[in-house]
Amino acid sequence: MMRLFAATAAALLLLSSCEKSDEAPTVTDKAAAEVPKIAPVLATADAVDPHSYAKPLEARVYHVALDLNVDFDTRRVSGTATLDIDRKPDAKEIVLDDKGLEIQSITDGDKPLPYKVGAADESLGAPLAVTLNPDTKKLVITYKSAPNAEALQWLSPEQTAGKQHPYLFSQGEAIYNRTWIPTQDSPGIRQSWEAKIHVPAPLTAVMSAPRAAEPLTQGGETVFAFNMDKPVAPYLIAIAVGDLKFRSLGPRTGVWTEPSMLDAAASELADTEKMVDAAERIFGPYRWGRYDMLVLPPSFPLGGMENPTLTFLTPTFIAGDKSLVSLVAHELAHSWSGNLATNATWSDFWLNEGTTTYAERRIVESIYGKKAAAQQVSLGVDAMNKAVAENGGPTGADTKLHIDLKGRHPDDGLTDIAYEKGSAFLRTVEAVVGRDKFDAYMRGWFDRHAFQPVTSAMFLADLREHLVKGDKALEAKLQLDNWVYKPGIPSNLVKPDPQAFADADKAVAAFARGGPLDTAQWGKWSTDERLRFLNKLPRKLPKARLDTLEQGLKLNEIRNSEVRFAWLALAIGNRYDPAVPSVEQFVTSQGRGKFVRPLLSALADDKQWGRPKAVSIYAKARPLYHPSVTQRIDKLGLSGTAEDTKS
Ligand code: BES
Ligand code: ZN
């Protein structure tokens, strides 16, 4: 094994290599040889994860085997997790992450092992310390998840499209998988995994891994088997169970969803195979085999989640005209940035999301053309500037790319600083060095760090070694450290094309001057032009002007979720009563955090006009939402049970 990592071994601590350094590599073909069987854990201070209790340099998990029963009546998964561990010979214990798991027993496969669950933190859960014997190499944990496990959402039949069968799905990122899988839940501790999942007979289970066997139905249950032979960050283990059907979209792409959604999903996703091909031309080989997608019920809390081999998608991206499929380009791009080269800690989340946002627009450009991509870049810069303003302005500590998250929830780093400042950084480097050089560099970065954890410091060191190569003038032009370690936006930012939205910007100016609304022009605009127009309108508008917009463009009924959101945000900011039923319909028909949280919180912030509306709407909406979404909205104090942190 040692030889495989010769290049990086100095910076990395590969525990297993110490024992096995005399063994010849057992894998010989190039593609397989670059997948380490036991992925390294970084030993540098910037790679210590404050959101995990694990001490991986003492003892770490490298493989997880789940055998779980999915019980919709008790809303629990239960069974065993068998963990293969790699340890220092003198390690006395291994520490896992545990949030609310009900543990029945832990053995080494034969004899019981003593264990202790430490004090629980509200966000992180508790350390689960298992005592190791000198020869312990395996743990068998028999356990159940709690009915309120935050990673899992259990839907009643009424909450699905088909209304006949219940549904379960998980969301692991950033630190939720510890509520249903007892392992070391840190993105820097990669694990290969396999699973046997027992579900009630009519239902289908899918996971973020290839199937390992044909499903077997017997005695009222079906058993599904999965195997992820590549080491992945544990937040990428995902499951969904429901009435699911599959449709092929191309040689290595396809979509799973409820039967009644299949036609709409497949037609919206028709360009996916082309996207995989385009991404490979830019970033190098797609290393995960198939790229399938699962379109979830409307309560899915995210736009998308890059679960390997099976991206999870909100149904709200289905606009009927493919105008929101940059979401797919984004989740696909994570197959390189995020899933191959993974942020070692959530402080370097921008390495996952900023790189992916950059890559997303390169894929969009290659399929939908330069103009579409330039428009998305421009919307991104607007979002970046807004994020700077919302995070303390140009000197705000949270406007750094590498941010300090100690003592905070990783979701605090989930801002457009990571996505859009991160993406702007790479776009700037691309512009300075030229696209050909930059593309060759990025391919090399992914090749050199495939299936490994990475940090900001590693990225900058790698850029200097392979791109800057001692060129002092280039080093000065790039401002690498300013981008990553300083707040605000460095002066070398490459501006978006000012012509990208020439028409929409003219229309904004005309409307702001009190001119008439050109509804014919709106009819010809792309979704992104419509978004630009709505987002750039003056934030305060009199009722008569809002009436003109609403009546001319029928915004309260618009089906495109992004346009609807942009309109409702403007309307709430102006206490525009005619939009309130539309707000209610929108936030009770889907549970995407990015849409429902800002709208409910804007209502809640307006104590007189908005708050009572927020209270009554949230009472109806809350049962639809995923725990990760209610957890944050509850803090607004809208439901009787939650503490009112604002009062
Ligand atoms: N990996 C993220 C989702 C995520 C981030 C979940 C942090 C939990 C914690 C995913 O790739 C993503 O960025 N989704 C976006 C869509 C994207 C097009 C910006 C979303 O869900 O809005
Ligand atoms: Zn992402």
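Residues numbered from 1 in each chain as written. Chains lettered and ligands numbered in written order. Predicted model: local features only at pLDDT ≥ 70, side-chain atom pairs only at ≥ 80, totals over all residues. Heavy atoms only, no water.

Draft legend 1. Geometry of the coordination of the zinc ion (ligand 2). Distances from the zinc ion (ligand 2) to its protein donors, His330 (NE2), His334 (NE2) and Glu353 (OE), fall at 1.9 to 2.1 Å. Spacing between the donor residues of the zinc ion (ligand 2) along their common chain follows H-x3-H-x18-E. Of this pair, His330 sits in helix α5 (residues 326-333) while Glu353 is found in helix α6 (residues 349-368), placing the two residues 23 residues apart along the sequence. Glu353 matches His330 in its accessibility class, with the two residues each being buried. (Donors = N, O, S within 2.8 Å, 3.2 Å for Na, K, Ca; no water. Helix = DSSP H or I, 4+ residues; strand = E, 2+ residues; numbered from the N terminus. Buried < 20%, exposed > 50% of the residue type's maximum accessible area, 1.4 Å probe, protein only.)

Draft legend 2. Representation of the site of ligand 1 within the structure. In the region of ligand 1, 17 residues are neighbours, and Glu173, Gly303, Glu306, Glu331 and Tyr419 sit closest. One of the backbone N or O atoms of Gly303 is found 2.6 Å from an oxygen atom in ligand 1. In this structure, Glu353 approaches ligand 1 through a side-chain N or O atom, which is 2.9 Å from a nitrogen atom. Relative to its unbound accessible area of 520 Å², ligand 1 is 88% covered by the protein chains. Elements that contribute at least two residues to the shell around ligand 1 include exactly β20 (304-305), α5 and α6. (Near = heavy atom within 4 Å. Polar contact = N/O pair within 3.5 Å; in protein donor to acceptor, adjacent residues only side chain to side chain. Areas by Shrake-Rupley, 256 points an atom, 1.4 Å probe, with all protein chains shown as cover.)

Draft legend 3. A look at the packing of helix α4 (residues 272-283) against α5. Interaxial distance between α4 and α5 falls to 10 Å at its minimum, and their mutual angle equals 45°. Comparing their axes, α5 and α4 come out oblique. In the packing of α4 onto α5, the handedness of the crossing is right-handed. Contacts from Thr272, Met275, Val276 and Ala279 of α4 reach α5 at Val328, Ala329 and Leu332. Classifying every residue of the contact of α4 with α5 gives 6 nonpolar, 1 polar and no charged. (Axes fitted to C-alpha atoms, helices over the stretch in contact; angles between N-to-C directions. Parallel < 35°, antiparallel > 145°, perpendicular 65-115°, else oblique. Left-handed = near helix turned anticlockwise from the far one by under 90°. Contact = heavy atoms within 4.5 Å. Nonpolar A, V, L, I, M, F, W, Y, C, P; charged D, E, K, R; others polar.)

Draft legend 4. Geometry of the sheet that holds β20. What the 5 strands build is an open sheet, ordered β17-β18-β19-β21-β20; its pairing is mixed. Of all the strands in the sheet, just β17 (245-250) and β20 have a single pairing partner and so form its edges. Bridge count between β17 and strand β18 (residues 253-257): 5 bridges; the pairing is antiparallel. In the strand pairing of β18, Arg247 is matched with Val255. (Pairing = 2+ DSSP bridges.)

Draft legend 5. Structural detail: the nonpolar core. One finds Leu139, Phe425 and Phe459 to be the most contacted residues of the largest nonpolar core, which totals 139 residues. In this structure, Leu139 is in contact with Ala81, Thr82, Leu83, Ile85, Ile94, Leu96, Ile106, Thr107, Leu113, Val130 and Leu132, ignoring residues within four places of it in sequence. If you look at the next biggest cluster of nonpolar residues, it comprises 52 residues, including Leu531, Leu534, Ala566 and Trp567. (Core = buried A, V, L, I, M, F, W, Y, C linked by side-chain atoms within 4.5 Å.)

Draft legend 6. Structural context of the packing of aromatic side chains. Under the criterion given, the structure shown has 26 aromatic pairs. Between Phe246 and Trp256, the aromatic rings sit 5.2 Å apart at their centres with planes inclined by 55°, giving tilted as the arrangement. Taken together, the positions of Phe246 in strand β17 and Trp256 in strand β18 put the pair 10 residues apart, joining distant regions of the chain. Look at Phe246 and you get partly exposed, because its relative accessible area is 34%. Note on Trp256: relative accessible area 15%, which makes it buried. Residues Trp350 and Phe425 carry aromatic rings whose centres are separated by 5.7 Å and whose planes lie at 55° to one another, so their mutual orientation is tilted. In this pair, Trp350 sits in helix α6 while Phe425 sits in helix α8 (residues 416-433), placing the two residues 75 residues apart along the sequence. A relative accessible area of 0% means that Phe425 is categorised as buried. (Phe/Tyr/Trp six-rings, centres within 6.5 Å; stacked < 30°, edge-to-face > 60°.)

Draft legend 7. Spotlight on the sheet that holds strand β10 (residues 152-155). Across the sheet, which stays open at both edges, the 4 strands sit in the order β10-β11-β16-β13 with antiparallel pairing between neighbours. Lying at the two open borders of the sheet, with one neighbouring strand each, are β10 and β13 (204-207). On average, each strand axis in the sheet is inclined to that of its neighbour by 10°, with strand direction left out of account. Across 4 bridges, β13 lies against strand β16 (residues 239-242) in antiparallel orientation.

Draft legend 8. Fine view of the environment of Ala120. Within the secondary structure, Ala120 is located in the loop between β7 (115-117) and β8 (126-131). Spatially, the C-alpha atom of Ala120 lies 7.7 Å from that of Lys99, the residues being 21 residues apart in sequence. Apart from residues no more than four positions distant in its own chain, Ala120 is found in contact with Gly125 and Ala126.

Draft legend 9. Representation of the packing of helix α17 (residues 561-573) against helix α19 (residues 593-605). Viewed as axis vectors pointing N to C, α17 and α19 meet at an angle of 10°, and their least axial separation amounts to 10 Å. Considered as vectors, α17 and α19 are oriented roughly parallel to each other. Contact residues: Ser561, Glu562, Phe565, Leu568, Ala569 and Ile572 in α17; Lys594, Phe595, Pro598, Leu599, Ala602 and Leu603 in α19. Across the contact of α17 with α19, the residue classes break down as 9 nonpolar, 1 polar and 2 charged.

Remember that the coordinates give geometry; whether it matters functionally is a separate question.
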